[in-house]
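Residue-level structural notes
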Amino acid sequence: MRPLLFYLALWLSFGAVHSLLAAASGQAWLARRTGALGCKGADRLAYNLIALGHLAVVLALGHWLLTPLPPALAVHPAWPVRAVQFAALAGGAAILVAGGRSYDLARFSGLAQLRLGVAERDQAPEPLATAGWNARVRHPLYLGLLLLVWGGAWSGFGLITAVCISAYLWVGIRFEERKLLRLYGPVYADYRARVPMLLPRPNRRRGRRAG
């Protein structure tokens, strides 16, 4: 059980670092550090690169620690389950592509801020996206990611990883929604009251971009 506990601790470290850097104090620290290095406006890009690097370390160490798993933790999905998982993978990828169209991906990645030389926290917030998949669920990118990780849970390691990512996203959504309420106020409160978090409702009308 020690390798499993260590893997869980790695995920806790990822969540802690990611949350600290996403907070206002963390954003300010990244802006100061990247500015001191002569890369003004690179704070968002640095945030994403740190997150990706940390995630890669967590997954690599976890795979090394938990492969092979003890027989009690081994998972061997039957073919009907695999068929559902393949459908989840395809659906998750499609939702990520479709949902990503509602966002400024250059700003999401941090490349736009770097090009302008303006820190993320010094820019006006983007208009609230309520069209497309955002009219069906408030967090389509998270929905797509969840479908991908559960669709790819073909082994014990994949299943444990899917559980960890799901727990992380569940907590992260709460923090993100508090931030969105601060940014958009009643506009987001009304949107949250009308649109479900992750599970689409049938026959929902598509929204529009509200600013």
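Attention in this report is confined to the structure presented alongside it. Small disclaimer: the values here were computed from a predicted structure and weren't measured. (Residues numbered from 1 in each chain as written. Predicted model: local features only at pLDDT ≥ 70, side-chain atom pairs only at ≥ 80, totals over all residues. Heavy atoms only, no water.)

1. Let's talk about the environment of Leu 147
Tracing the backbone through its elements, the reader meets Leu 147 in helix α7 (residues 140-151). The spatial distance from the C-alpha of Leu 147 to the C-alpha of Ala 94 is 10 Å, given a sequence separation of 53 residues. Excluding residues within four positions of it along the chain, Leu 147 makes contact with Ala 88, Leu 89, Gly 91, Gly 92 and Ile 95. (Helix = DSSP H or I, 4+ residues; strand = E, 2+ residues; numbered from the N terminus. Contact = heavy atoms within 4.5 Å.)

2. Here's the deal with the packing of helix α1 (residues 2-22) against helix α3 (residues 43-66)
Relative orientation of the contacting elements α1 and α3 amounts to 175°, with a least axis distance of 9 Å. Classified by the angle their axes make, α1 and α3 are roughly antiparallel. Seen from α1, the contacting residues are Pro 3, Leu 4, Phe 6, Tyr 7, Leu 10, Trp 11, Ser 13, Phe 14, Val 17, His 18, Leu 21 and Ala 22; seen from α3, they are Tyr 47, Ile 50, Ala 51, His 54, Leu 55, Val 58, Leu 59, Leu 61, Gly 62, Leu 65 and Leu 66. By residue class, the composition of the contact of α1 with α3 is 19 nonpolar, four polar and no charged. (Axes fitted to C-alpha atoms, helices over the stretch in contact; angles between N-to-C directions. Parallel < 35°, antiparallel > 145°, perpendicular 65-115°, else oblique. Nonpolar A, V, L, I, M, F, W, Y, C, P; charged D, E, K, R; others polar.)

3. As for the side chain of His 54
The topology assignment puts His 54 in helix α3. A distance of 3.2 Å separates polar atoms of two side chains, one belonging to His 54 and the other to Ser 13. (Polar contact = N/O pair within 3.5 Å; in protein donor to acceptor, adjacent residues only side chain to side chain.)

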